[in-house]
Amino acid sequence: MNKSELRQLIRERKRQYSNQALEQLSLAVVSRLMNHPRVQQASTLLLYYSLPDEVNTHECIEQLYRMGKTILLPKVIDDGIMEIRHYTGAESMQLGAFNIMEPTGDLSTDYAHINLAIVPGMSFDPSGNRLGRGKGYYDRFLVQVPQLYKIGMCFDFQKVAEVPYEKTDIRMNEVL
C-alpha cells in the first residue's frame, strides 16, 4: 500500500466515528500522554493544537501550561515551512493556515531546550514510522532537532503494521 492509499484508508476509518466518539477515544490517549514519564519530566514540550479528526490536545495543552511547563506549538508560514511559537493561553490562538488554530506567542528558535515533541500523524507503525498529511511540515522541522525525543500520537485505529516511508521521513521514538 502506498502513502496515498494509506491516507485514504485512514480517512475512511475516521469517518466511521462521530465527533463525540472521537472525543471519547481521545480521553484514553491523552490520559496515557499525561501520565507518561517523559511528559512529567519535560519542562518544554512541542505539541500540536488538534484538528477535529485528531486526538484532542486542547485541554492537555492548557493543563500542561497551567502546570508551568513551556508549551510550543507549530504555526504554518508558507512554502512548506512551519515555525514554533510559545503558547500563552487559549485566548492567544487564532485561525491560521488550513483552518488550523495557531499560536500568536513569541517565536521560539532555541530548539535545543525542547525536551519532548508530541507529533500527530495519519498513521503510525510499530517501528515509529509516521504518515503525515503529505505536506512534510513536521519532517522538515524535526530533521533540525535529531536529538529530540518524539512521541507520535493517534487513535488506535490509525496504527497499522507498516507505514511506507522514505529517507526524508522522520521516525518517532514511540507511539501512543
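In case you missed it, the structure is sitting above this.
Computed from a prediction, not measured in an experiment: that's the story for all the values here.

Here is what the cut-offs are and how they apply
Residues numbered from 1 in each chain as written. Predicted model: local features only at pLDDT ≥ 70, side-chain atom pairs only at ≥ 80, totals over all residues. Heavy atoms only, no water. Helix = DSSP H or I, 4+ residues; strand = E, 2+ residues; numbered from the N terminus. Rg over C-alpha atoms; globule rule 2.2 N^0.38 Å. Buried < 20%, exposed > 50% of the residue type's maximum accessible area, 1.4 Å probe, protein only. Contact = heavy atoms within 4.5 Å. Areas by Shrake-Rupley, 256 points an atom, 1.4 Å probe, with all protein chains shown as cover. Lys, Arg positive; Asp, Glu negative; His and termini not counted. Charge placed at Lys NZ, Arg CZ, Asp CG, Glu CD. Polar contact = N/O pair within 3.5 Å; in protein donor to acceptor, adjacent residues only side chain to side chain.

**Student:** Break down the overall build of the chain for me, citing the residues and quoting the values.
**Tutor:** Within the chain one finds five helices and 11 strands. For the chain, whose C-alpha radius of gyration is 15 Å, the value lies close to the compact-globule estimate of 16 Å for 176 residues. For the chain, the spread of C-alpha atoms along the principal axes amounts to about 40 × 35 × 30 Å. Across the 176 residues that make up the chain, the buried fraction comes to 50%. Relative to all contacts within the chain whose residues are 6 or more apart in sequence, the contacts with residues 24 or more apart total 67%. Carbon together with sulfur atoms contributes 48% to the accessible area of the chain, which is approximately 9100 Å² in total. A gap of 3 Å separates the mean positions of the 20 positive and 21 negative side-chain charges of the chain.

**Student:** Lay out the side chain of S92 in plain terms, naming residues and giving numbers.
**Tutor:** Of note, S92 is situated in the loop between β3 (82–86) and β4 (93–95). A residue is classified by how much of its surface remains accessible, and S92, at 9% relative accessible area, is buried. Among the polar contacts made by the side chain of S92, one reaches the main-chain carbonyl oxygen of G89 at a distance of 2.6 Å. Those residues in contact with S92 that sit more than four places away from it in its chain are E102, P103 and T104.

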